[in-house]
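Spelled out from the first residue to the last, the chains are:
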Number of protein chains: 2
Amino acid sequence: MQTLRRPKVRDQVAYQIQQYIVAQKLGSGDRLPTESKLAETFGISRLSLREATKALEFLGIVESKAGVGLTVGRIDMGRITEHLSFHSDLLDADPQQLIDSRVILETGVLPHVARRMKADSSIEQQLRTLVDRFRSARDLKTWIALDIEFHRTLLEASGLKPLVAFGELLHVFFQRFRESVKKAEWKDGVESHQRIVDSLSAGDVAAATAELRKHIEFHQERI
Amino acid sequence: MQTLRRPKVRDQVAYQIQQYIVAQKLGSGDRLPTESKLAETFGISRLSLREATKALEFLGIVESKAGVGLTVGRIDMGRITEHLSFHSDLLDADPQQLIDSRVILETGVLPHVARRMKADSSIEQQLRTLVDRFRSARDLKTWIALDIEFHRTLLEASGLKPLVAFGELLHVFFQRFRESVKKAEWKDGVESHQRIVDSLSAGDVAAATAELRKHIEFHQERI
DNA sequence: GGCAATCTGATTATCAGATAATCTATCCTC
DNA sequence: GAGGATAGATTATCTGATAATCAGATTGCC
């Protein structure tokens, strides 16, 4: 026998509000109806509606200001990941799968990156600046921050926004590996980043792919 | 002058609940104090506390069941990608980016799929069954459903759960292309799927990759 | 004794109604 | 016209209550 659970009101409502935003093609800052209005529309109490909107607000999907009303918010991954990063279940995600996923994602964008680098020199400039800052960094925290930024910049350089968003998500789950990397090993990381940029700028996508794969799979030892 | 906003009660409370979970070293399924207890502890009304817990529940950080109480939730990537669908980068993503992202994602998993197919014959069986059903289908709705299932099965066959979750998200945004595909063109799709499975089962990853790329990029004409 | 149905207490789910805080826009004064 | 006071709308938060749900104890039957 299956335990069927009565679907919760607020989840349905939250879903409907999202649908409403999409259907009305609302963008950041656009107004939504008032709480009372929405509650009446959905046929629920204002309180239940509130629980739904508060959850959405927590995610940044809507914003709510006293005296103004509800507006569509600007969701950012940072806000979500901030609340997730502490959760112990993140430690249960299969590390090998995370590594394989990242390899596929990041090596996959390299052809796109190489192509765009030829057309826009500022991309190479940006990556090289990051490598330099990496080289002169001295503490773990800075290294980690720069490593994340390097890989995000790489994804951004592909121009494929969906993959950038997904990449940010993977990074959250990857956090714990980075924290266990030792000082001497970060030095290798610098050189690795350097070689990736060099290969890309030379147009040698295959070499960049091999180096990047090695760079990410390096974390396997830490499993 | 900066507009300083009074920090909202529920945000503080949400934060404190998270701190509590960490401090008590609670894991998935562990019990939290009751709503009344927590409200009293934090010195707020039960309602305000509820808004905080509902928001956390929405994220999957806590679970709440009537008659039981609050427990620490079980987080999974799927739940998060659901909310990712509102990420502005995805909402405004242009079609070409969606296509490129899908190509990277799906061709990227093929080596993994081929490897696992050798070890587990049920994977090939499952894919072939889908192709057959595809062949005997006669209406647009069925075709679309089967196409989605085929590609999802392909991703699942890689065993990389994070990518499966992300793939499903991309499919939502791909919907509009599929609906504009004509009847005659679906026939090509069947053969395309057939060739992909054949190549994979023969261990020819390169051929499968080329075919899959062609299959997805076919949608470019529809932009 | 073993087992199933029932009851009970605890807890969340949802509601209604009220007051406070906050913001926008208008109106009034000079 | 500029600037401040005021009113109206809206969210923020609270109190108190009822319904729904569930786990475990109790009861009754065989």
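Every value quoted in this text rests on a predicted model; they were computed, and no experiment measured them.

The rules we used
Sequence positions are assigned chain by chain, starting from 1 and proceeding in written order. By the order in which they are written, chains take letters starting at A while ligands take numbers starting at 1. With the structure being a predicted model, the display of local features is reserved for residues of pLDDT at least 70 and the display and counting of side-chain atom pairs for 80 or more, all residues being used for whole-chain, interface and lining totals. Hydrogens and waters are ignored; side-chain quantities use all the structure's heavy atoms. We call two strands paired when DSSP finds no fewer than two bridges between them. Per the convention used, a helix needs a DSSP run of H or I reaching at least four residues, while a strand needs a run of E reaching at least two, with both numbered from the N terminus. Consider each residue's heavy atoms; a residue with any of them within 4 Å of a molecule or strand counts as near. As used in this structure description, the phrase polar contact means that two N or O atoms lie within 3.5 Å; if the pair is within protein, one of them must be able to donate a hydrogen and the other to accept it, and residues adjacent in sequence are counted only when both atoms belong to side chains. Note that Gly is not counted as nonpolar here; it falls among the polar residues with everything else outside the nonpolar set of Ala, Val, Leu, Ile, Met, Phe, Trp, Tyr, Cys and Pro and the charged set of Asp, Glu, Lys and Arg. In what follows, a contact means two residues having at least one pair of non-hydrogen atoms within 4.5 Å. Note: buried area is the sum, over both parts, of the accessible area (probe 1.4 Å) each one loses when the two are combined. The working definition used for a salt bridge is a side-chain nitrogen of Lys or Arg within 4 Å of a carboxyl oxygen of Asp or Glu. Ring pairs are drawn from Phe, Tyr and Trp, using the six-membered ring of Trp, whenever the two centres fall within 6.5 Å, and their geometry is named by plane angle: stacked under 30 degrees, edge-to-face over 60, tilted for the rest. The buried label applies to any residue whose accessible area, calculated with a 1.4 Å probe on protein chains only, is under 20% of its type's maximum; exposed applies above 50%, and partly exposed to all values in between. Over a ring means this: the NZ of a Lys or the CZ of an Arg is within 6 Å of the ring centre and within 35 degrees of the ring normal.

Undergrad: Teacher, can you tell me more about the pairing of strand 2 (residues 69–72) of chain B here?
TA: When a strand is regular, its side chains alternate between the sheet's two faces. Residue and element names in this part refer to chain B. Bridge analysis of strand 1 (residues 62–65) against strand 2 gives 4 bridges, and the strand direction is antiparallel. Paired with K65 across the two strands is G69, which belongs to strand 2. Connecting strand 1 to the next strand, strand 2, in antiparallel fashion are 3 residues, including G67 with a positive phi near 85°.

Undergrad: Can you help me understand the protein's contact with DNA strand D in this one?
TA: Contacts to DNA strand D come from 22 residues, most closely from R50(A), K54(A), S64(A), S45(B) and S48(B). Close to the protein, within 4 Å, the atoms of DNA strand D belong to sugar or phosphate groups at a rate of 72%. R46(A) is positioned with one of its side-chain polar atoms (N or O) 3.4 Å from a base nitrogen of DNA strand D. The separation between a base oxygen of DNA strand D and a polar main-chain atom of G67(A) is 3.1 Å. Of all the secondary structure elements, the ones that give two or more residues to the surface near DNA strand D are helix 3 (46–59), strand 1 (62–65) and strand 2 (69–72) of chain A together with helix 1 (9–23) and helix 3 (46–59) of chain B. Classifying every residue of the surface near DNA strand D gives 6 nonpolar, 7 polar and 9 charged.

Undergrad: Mind showing me how you'd approach the interface of chain B and chain A here?
TA: Often the size quoted for an interface is simply the accessible area lost on bringing the parts together. Across the contact, 55 residues belong to chain B and 50 residues belong to chain A. Taken together, both faces of the contact between chain B and chain A bury some 4,700 Å²; the carbon and sulfur share is 69%. Taken as a group, F58(B), F86(B) and I104(B) account for 15% of the area that chain B buries against chain A, more than any other trio of residues on that side. On inspection of chain B and its partner chain A, the count reaches 2 salt bridges. E51(B) serves as the salt-bridge partner of R50(A), at 2.8 Å between the closest nitrogen and oxygen. The tally of links between chain B and chain A comes to 6 residue pairs in polar contact (both at pLDDT 80 or more). The residue inventory of the side of chain B that touches chain A, partitioned by class, reads 27 nonpolar, 15 polar and 13 charged.

Undergrad: Before we go on, may I ask you to explain the packing of aromatic side chains in this structure?
TA: What describes a pair of aromatic rings is the distance from one ring centre to the other and the angle between the planes of the rings. Enumeration according to the criterion identifies 1 aromatic pair over all chains in this entry. Ring plane angle 15° and centroid distance 4.1 Å describe the contact between F166(A) and F166(B), whose orientation is recorded as stacked. Of the two residues, F166(A) sits in helix 8 (residues 161–179) while F166(B) sits in helix 9 (residues 161–178), which places them in two different chains. In terms of burial, F166(A) and F166(B) fall into one category: buried. Over the ring of F174(A) we find R102(A), and its NZ or CZ is 4.5 Å from the ring centre.

Undergrad: Which parts of the structure should I look at to understand the environment of E156(A)?
TA: Residues and elements named next belong to chain A. By the element assignment, E156 lies in helix 7 (residues 140–157). Judged by relative accessible area, which is 38%, E156 ranks as partly exposed. When the C-alpha atoms of E156 and F42 are compared, they prove to be 40 Å apart, with 114 residues separating the residues in sequence. Beyond its immediate stretch of four places on either side in the chain, E156 contacts R116 and V164.

Undergrad: Explain the pattern of salt bridges to me, please; I cannot follow it from the model alone.
TA: A complete count under the given rule lists 24 salt bridges over all chains for this structure. Across the pair E217(A) and R213(A) runs a salt bridge, and its minimum N-O distance is 3.7 Å. Taken together, the residues span about one helical turn, with E217(A) and R213(A) both in helix 10 (residues 205–217) at a distance of 4 residues. Notably, a salt bridge pairs K214(B) with E211(B), separated by 3.9 Å at the nearest N-O pair. A residue pair is termed a helical-turn pair when its members lie 3 or 4 positions apart in one helix, as K214(B) and E211(B) do in helix 11 (residues 205–217) at 3 residues. Exposure remark for K214(B): the relative accessible area of 53% places this residue in the exposed category.

Undergrad: Looking at this structure, I do not really get the environment of E57(A). What am I missing?
TA: Residue and element names in this part refer to chain A. Locating E57 in the fold gives a position in helix 3. Exposure remark for E57: the relative accessible area of 12% places this residue in the buried category. Between the alpha carbons of E57 and I75 there is a distance of 9.2 Å; along the sequence they are 18 residues apart.

Undergrad: Could you clarify how one ought to interpret the environment of S192(B) in this entry?
TA: Residues and elements named next belong to chain B. The topology assignment puts S192 in helix 10 (residues 183–201). Here S192 is in contact with E211 and H215, once residues within four sequence places are set aside. Polar side-chain contacts of S192 include one of 3.4 Å to the side chain of H215.

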